[in-house]
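# Analysis of the macromolecular model
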Amino acid sequence: MASLLESGWQYLITHFSDFQLACLGSFFLHEGVFFLSGLPFIWLERAGWMSKYKIQAKNNSPAAQEKCIVRLLLYHFGVNLPVMIFSYPVFTYMGMRSSLPLPSWKIVLTQIIFYFILEDFIFYWGHRILHTKWLYKHVHSVHHEYATPFGLTSEYAHPAEILFLGFATIFGPAITGPHLITLWLWMVLRVLETVEAHCGYHFPWSLSNFLPLYGGADFHDYHHRLLYTKSGNYSSTFTYMDRIFGTDIGYRKLKALKSTEIEDSSELKNN
């Protein structure tokens, strides 16, 4: 497996420059993973499939879904791609490389874990700041146009927010100068995580059912359906920052209430 991966990587670095791989390669990899993972949730919502796992009963109109896709393409080509191009010198200066040999899985795993923890910390505070009155009204309210989120709404935001919160995602790799393959893996995992958090469905196989402290769709959906001053649940991936600073109190109370209702309903059925 390792030799196959190295052979494939050798092909890439032989036929494409570092700039092409780091900028265009990263961009199109992001687009492919983002849309392939996010579009199915539009089809699920329109078809009404797996509705028993849908967190909110409300559905988005086809027009609202199409508006999201058009705006996303505009933001991705108009904001994301230029950011990737202009940040390339920074990453290379900090030591990012694409050459062989590939990094060991221990290095890759350590860096990815570090990126998740650091990103979550920065995102939490940045997100809380965006929920102050002026910034919410003029910037963050764009993302909250969709009170019933679906996968693709994860990256639907004001350009200023894309730059502001995007800093949380790229800061870890920028200061560590990873191998490009590590950067790609981090990007793929982060995209899949944020799409899942906005998907609007809580499945029996959702990661939040198995990974302690992982937020997931149920945790973040609560954030979208409340008023900005009362929403809480500001974290991106994990839940511990909200627990530490008490910004998940409303969510925990709601979960406790639902658990009590389920227990009462089970007792009534058994009697």
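Just so it is clear, the model here is predicted, and its values are computed rather than measured.

## Things to note about the overall build of the protein chain
A tally of helices and strands in the protein chain yields 10 helices and 0 strands. Along the protein chain, helices and strands appear, N-terminal first, in the series α-α-α-α-α-α-α-α-α-α. Radius of gyration (C-alpha) of the protein chain: 20 Å, near the 18 Å computed for a compact globule of 271 residues. When the backbone C-alpha atoms are referred to their principal axes, the protein chain occupies close to 70 × 40 × 40 Å.

## Considering the UniProt feature "transmembrane region" (unreviewed entry) in the protein chain
Per the UniProt annotation, the sites labelled "transmembrane region" (unreviewed entry) are residues 21–43, 73–95, 107–126 and 162–186. Strand forms 0% of residues 73–95 and helix 91%; the C-alpha atoms that close the span are 31 Å apart. Regarding residues 107–126, the helix share stands at 100% and the strand share at 0%, and the terminal C-alpha atoms are separated by 28 Å.

## Things to note about the pattern of salt bridges
Per the counting criterion, the structure on display carries 9 salt bridges. Between aspartate 248 and arginine 243 there is a salt bridge, with its nearest N and O atoms 3.5 Å apart. Take aspartate 248: its relative accessible area is 4%, and that puts it in the buried class. Here the residues in one salt-bridge network are Glu119, Arg190 and Glu193, joined through shared partners.

## Considering the UniProt feature "domain: Fatty acid hydroxylase" (unreviewed entry) in the protein chain
Here the UniProt feature "domain: Fatty acid hydroxylase" (unreviewed entry) sits at residues 113–247. Taken end to end, residues 113–247 has its terminal C-alpha atoms 24 Å apart, with 56% of it in helix and 0% in strand.

## Overview of the environment of glycine 78
When you line up the elements, glycine 78 lands in helix 3 (residues 62–93). Separated by 53 residues in sequence, glycine 78 and glycine 25 have C-alpha atoms that sit 17 Å apart.

## Considerations on helix 7 (residues 180–197)
Spacing of three or four residues puts side chains on the same side of an α-helix, whose turn is 3.6 residues. Taking 1.5 Å as the rise per residue, helix 7 with 18 residues should run 26 Å; its terminal C-alpha atoms sit 26 Å apart, in good agreement. Most of helix 7 sits inside the fold, with 15 of its 18 residues counted as buried.

## A look at the packing of aromatic side chains
All told, the structure shown has 25 aromatic pairs when counted by the stated rule. For the pair tryptophan 9 and tryptophan 184, a centre-to-centre distance of 5.3 Å together with 70 degrees between the ring planes defines the contact as edge-to-face. Note that tryptophan 9 is positioned in helix 1 (residues 2–15) and tryptophan 184 in helix 7, a separation of 175 residues in sequence. Tryptophan 184 shares its class with tryptophan 9; the two are buried. Measuring from centroid to centroid gives 5.2 Å for phenylalanine 27 and phenylalanine 28, while their planes differ by 75 degrees, and the two rings are edge-to-face. Three or more aromatic residues link up through ring pairs in this structure, and these residues are Phe114, Tyr115, Phe116, Trp186, Phe238 and Tyr240. Over the ring of phenylalanine 123 we find arginine 190, and its NZ or CZ is 5.8 Å from the ring centre.

## Some words on helix 2 (residues 18–47)
A rise of 1.5 Å per residue sets the reference length of helix 2, with its 30 residues, at 44 Å; its end C-alpha atoms lie 43 Å apart and thus fit the reference within 8%. Largest kink in helix 2: about 30 degrees, centred on glycine 25. Backbone geometry just downstream of helix 2 places glycine 48 in the positive-phi region, at approximately 75 degrees.

## Examining the packing of helix 3 against helix 6 (residues 159–176)
For any two helices packed against each other, the geometry is given by the interaxial angle and the distance between the axes. Between helix 3 and helix 6, the least distance of the axes is 11 Å, while the angle of their chain directions is 35 degrees. In terms of crossing hand, the pair formed by helix 3 and helix 6 is right-handed. Facing Tyr75, Val79, Asn80, Val83 and Phe91 of helix 3, the residues of helix 6 in contact are Pro159, Ile162, Leu163, Ile170, Pro173 and Ala174. Of the residues that constitute the contact of helix 3 with helix 6, the class distribution is 10 nonpolar, 1 polar and no charged.

## Observations regarding the nonpolar core
Core analysis: the largest hydrophobic core is formed by 43 residues, its most contacted members being Phe34, Phe41, Cys68, Leu72, Met96, Leu152 and Leu180. Broken down by secondary-structure element, the contributors of at least two residues to this core are helix 2, helix 3, helix 4 (105–130) and helix 7. Counting residues in each nonpolar core, the second largest holds 5 residues, with Leu130, Val139, Leu165 and Ala168 among its members.

## Brief notes about the side chain of glutamate 119
Assignment of secondary structure puts glutamate 119 in helix 4. Looking at glutamate 119, its side chain comes within polar contact range of the side chain of arginine 190, at 2.9 Å. Beyond its immediate chain neighbours, meaning those up to four positions away, glutamate 119 contacts Ala168, Thr169, Trp186, Arg190, Ser236 and Thr237.

## So, the environment of aspartate 18
Along the chain, the position of aspartate 18 falls in helix 2. The class of aspartate 18 is partly exposed, set by a relative accessible area of 40%. Note: C-alpha distance between aspartate 18 and proline 159 (141 residues apart in sequence) is 27 Å. Ignoring any residue separated from it by four or fewer positions in sequence, one finds aspartate 18 in contact with Tyr88 and Ser98. A polar atom in the side chain of aspartate 18 sits 2.5 Å from the side chain of serine 98.

What counts, and where the lines are drawn
Residues numbered from 1 in each chain as written. Predicted model: local features only at pLDDT ≥ 70, side-chain atom pairs only at ≥ 80, totals over all residues. Heavy atoms only, no water. Helix = DSSP H or I, 4+ residues; strand = E, 2+ residues; numbered from the N terminus. Rg over C-alpha atoms; globule rule 2.2 N^0.38 Å. UniProt positions renumbered as here; feature names shortened; annotations may be inferred. Salt bridge = Lys/Arg side-chain N within 4 Å of Asp/Glu carboxyl O. Buried < 20%, exposed > 50% of the residue type's maximum accessible area, 1.4 Å probe, protein only. Expected span 1.5 Å × (residues − 1). Phe/Tyr/Trp six-rings, centres within 6.5 Å; stacked < 30°, edge-to-face > 60°. Lys NZ or Arg CZ within 6 Å of the ring centre and 35° of its normal. Bend = angle between axes of the 7 residues up to and from the residue. Axes fitted to C-alpha atoms, helices over the stretch in contact; angles between N-to-C directions. Left-handed = near helix turned anticlockwise from the far one by under 90°. Contact = heavy atoms within 4.5 Å. Nonpolar A, V, L, I, M, F, W, Y, C, P; charged D, E, K, R; others polar. Core = buried A, V, L, I, M, F, W, Y, C linked by side-chain atoms within 4.5 Å. Polar contact = N/O pair within 3.5 Å; in protein donor to acceptor, adjacent residues only side chain to side chain.

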